[in-house]
Amino acid sequence: MYLLKNKKITVLASDPNYDIKIQSFAGNGSYLFTKESASVFPDLWYANDSFKTQKRLTTVNPQQAEYNWMKTKLLRWKNYDGSEAEGILYVPENYDASKTYPVIVHFYEKHTHEMNHYAMPELSTSNINIPTFVSRGYLVFMPDVKYTYNSPGNSAYNAVVSGTQYLIDQKITEKGKIGIQGHSFGGYETSYILTQTPIYTCAIVGSGVSNFTSNYLNYRVNGISNMFKYEADQYRMKGSMFEYPKEYLDNSPIFKTGKVTTPTLIFHNDRDGAVPFDQGMGLFFALRRQGKQAWLVNYKTENHTLDKAVNQKDWTQKMQQYFDYYLKGASRPEWM
C-alpha cells in the first residue's frame, strides 16, 4: 500500500503474507484498515499516519482457533510451452509433506492475486468451496492460465496439466487421487482438457461451452450475440468463425469426446442465461453416445449459478459425494 503526497510515493505497508485494504481515513492521517490471508480473518485495524503504530480493533472470528484451518503455498513450475507458471496450493494447517493427498484442481484464468483472500465455508452456488474441501482432507490446486490467441483450450491444457504433473513429481499427490472442477469458462477449459489427457480420476464440468461453432451463432439472455465473447472477450479468438473455421473446430471439446476416459459429472441448468443449456446437454449426449461415464445435473429454472438454498445444499452434497467416491474410496452415491 502506497501514499502519494506532494508528488512523492511513500510505502505505508508492504507484506506479501497479507492483503491490506484501507476502509477509512481521518483528517489527522490515521487509518482504519483490514488485513487478511487465507488463514487470517479480515478484522478491522487502526494505524497512525506512518503505519508504524498498528492496533487490532475487532476479533470477529475467534471460533476459528477451534479448527484445523487452511493455509496457502505459492508453487512455481515450467509450463509445457516452456514459460514460467504459478499457482496456489491450499493445504491444511497440519499439512504433512511426507504424505500424498487427494487433490482437486480448480481454476478460472488467474488466481495467484487471490492468494491472501480469506474464504469462508459456505454452500456452493456452482464451484467447490475451498475451505470445506480442505477440512475434508483434500488439497486444492489453482493454477494460473496464460493464453495464446486462437488457442484457449490448449493454453489451459499447457498450464493446468503441467501443474498437475508437477504435483505428482513433487509427491504432493499421485495418480488416482486427482479430480478437476471448473465452472463457466473454467467449465469449458475443463471439458477441453479431458479430451487431451487421462491424468484426472474424475471431473466436474460446470455450465461450460462445449461447441464453439454452435455457440458462436447463439445469443445471451439479454439478446446480445455471443460473437463478442469470441472476437473481443474471454474466448480469445483472433476473429470470426468464418475467418478461422479450423481454429473454432479445434477448440471445441464436443468433436473430441471420443478421447475422453475420465468419468464426468456435468452441471448445467435449463435457464442458464450466459451459456445455453444445450451446450451442457450436448456434451452429456456426446459422451454417453460413445459409451463414456457421464452424468448431467440440471436444477430446473435455475440460471448460470444456483440461487435457491435447497439446490445449493443438494449440489454441495453431490460434489462432496462424487469426489469422495472417486478420490477417497467412499461408497457410491445412490444418485449415480
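Everything numeric in this text was worked out from a predicted model, so none of it was measured. (Residues numbered from 1 in each chain as written. Predicted model: local features only at pLDDT ≥ 70, side-chain atom pairs only at ≥ 80, totals over all residues. Heavy atoms only, no water.)

1. Observations regarding the pattern of salt bridges
Tallied over the entire structure, the rule returns ten salt bridges. One salt bridge in this structure joins D43 and R56, with 2.7 Å as the shortest N-O distance. Separated by 13 residues along the polypeptide, D43 in the loop between β4 (31-36) and β5 (44-47) and R56 in strand β6 (residues 54-56) bring together distant segments of the chain. A relative accessible area of 2% places D43 in the buried class. Owing to a relative accessible area of 43%, R56 belongs among the partly exposed residues under this scheme. Here R76 ties to E86 by a salt bridge, and the two come within 2.8 Å at their closest N and O atoms. Within this pair, whereas R76 is found in strand β7 (residues 70-78), its partner E86 is found in strand β8 (residues 84-92), the two being separated by ten residues in sequence. We classify E86 as partly exposed; its relative accessible area is 27%. (Salt bridge = Lys/Arg side-chain N within 4 Å of Asp/Glu carboxyl O. Helix = DSSP H or I, 4+ residues; strand = E, 2+ residues; numbered from the N terminus. Buried < 20%, exposed > 50% of the residue type's maximum accessible area, 1.4 Å probe, protein only.)

2. Overview of the sheet that holds β4
Here we have four strands laid out as an open sheet, ordered β3-β4-β5-β6, and antiparallel in their pairing. Single-partner strands in this sheet number two, and they are β3 (19-25) and β6. Averaged over neighbouring strand pairs, the angle between their axes works out to 30° when direction is ignored. Examined bridge by bridge, β5 and β6 share three bridges and lie antiparallel to one another. Following the sheet pairing, W45 is matched in β6 by R56. (Pairing = 2+ DSSP bridges. Axes fitted to C-alpha atoms, helices over the stretch in contact; angles between N-to-C directions.)

3. Some thoughts on the environment of M319
Among the structural elements, M319 can be located in helix α8 (residues 309-328). Here the alpha-carbon distance between M319 and N222, two residues 97 residues apart in the chain, equals 30 Å. Among residues more than four places away in sequence, those in contact with M319 are S124, S126, N127, I128, F133 and I204. (Contact = heavy atoms within 4.5 Å.)

4. Considerations on the sheet that holds strand β13 (residues 264-267)
Read from one edge of the open sheet, eight strands run β7-β8-β10-β9-β11-β12-β13-β14, paired in mixed fashion. At either margin of the open sheet sits one strand with a lone partner, and together these are β7 and β14 (294-297). In this sheet, adjacent strand axes meet at a mean angle of 20° when their direction is disregarded. Where strand β11 (residues 178-183) meets strand β12 (residues 202-206), five bridges bridge the pair, whose relative direction is parallel. Looking across to β12, one finds that I180 is bridged to A203.

5. Points about the packing of helix α2 (residues 152-169) against helix α3 (residues 185-194)
Where α2 meets α3, the closest approach of the two axes is 9 Å, and the angle between their N-to-C directions is 75°. Viewed along their axes, α2 and α3 adopt a mutual orientation that is roughly perpendicular. Between α2 and α3, the contacting residues are P152, G153, N154, A156, Y157, V160 and V161 on the first element and Y188, E189, Y192 and I193 on the second. In terms of residue class, the contact of α2 with α3 is built from eight nonpolar, two polar and one charged. (Parallel < 35°, antiparallel > 145°, perpendicular 65-115°, else oblique. Nonpolar A, V, L, I, M, F, W, Y, C, P; charged D, E, K, R; others polar.)

6. Focus on the nonpolar core
Side chains that are nonpolar tend, in soluble globular proteins, to be buried together. Core analysis: the biggest nonpolar cluster contains 49 residues, and V105, I180, I193 and Y200 have the highest contact counts within it. The element contributing the most residues to this core is α2, with seven residues. Leave out the neighbours within four places in its chain, and I193 touches F107, A156, Y157, V160, V161, I180 and Y200. By size, the runner-up hydrophobic cluster in this structure holds 31 residues, among which are F133, W315, M319 and M336. (Core = buried A, V, L, I, M, F, W, Y, C linked by side-chain atoms within 4.5 Å.)

7. A look at unusual backbone geometry
For K171, which is not glycine, the phi dihedral falls at a positive 60°. Looking at where K171 falls in the secondary structure, it is placed in the loop between α2 and β11. Positive phi, close to 50°, is recorded for S207, a residue that is not glycine. Note that S207 resides in the loop between β12 and α4 (212-216).

8. Describing the side chain of K256
Here K256 shows up in the loop between α6 (245-250) and β13. Within the buried core, K256 has no salt-bridge partner, and the shortest N-O distance to an opposite charge, that of D250, equals 5.0 Å. With residues near it in sequence (within four places) discarded, K256 still touches Y192, T195, Q196 and D250. (Lys, Arg positive; Asp, Glu negative; His and termini not counted.)

9. Observations regarding the pairing of β3
In the sheet, β3 pairs with β4 via six bridges, with the strands oriented antiparallel. Counterpart to I20 in the pairing with β4 is K35. Here β3 hands over to β4 after five residues, with G29 in that stretch at a positive phi of 95°.

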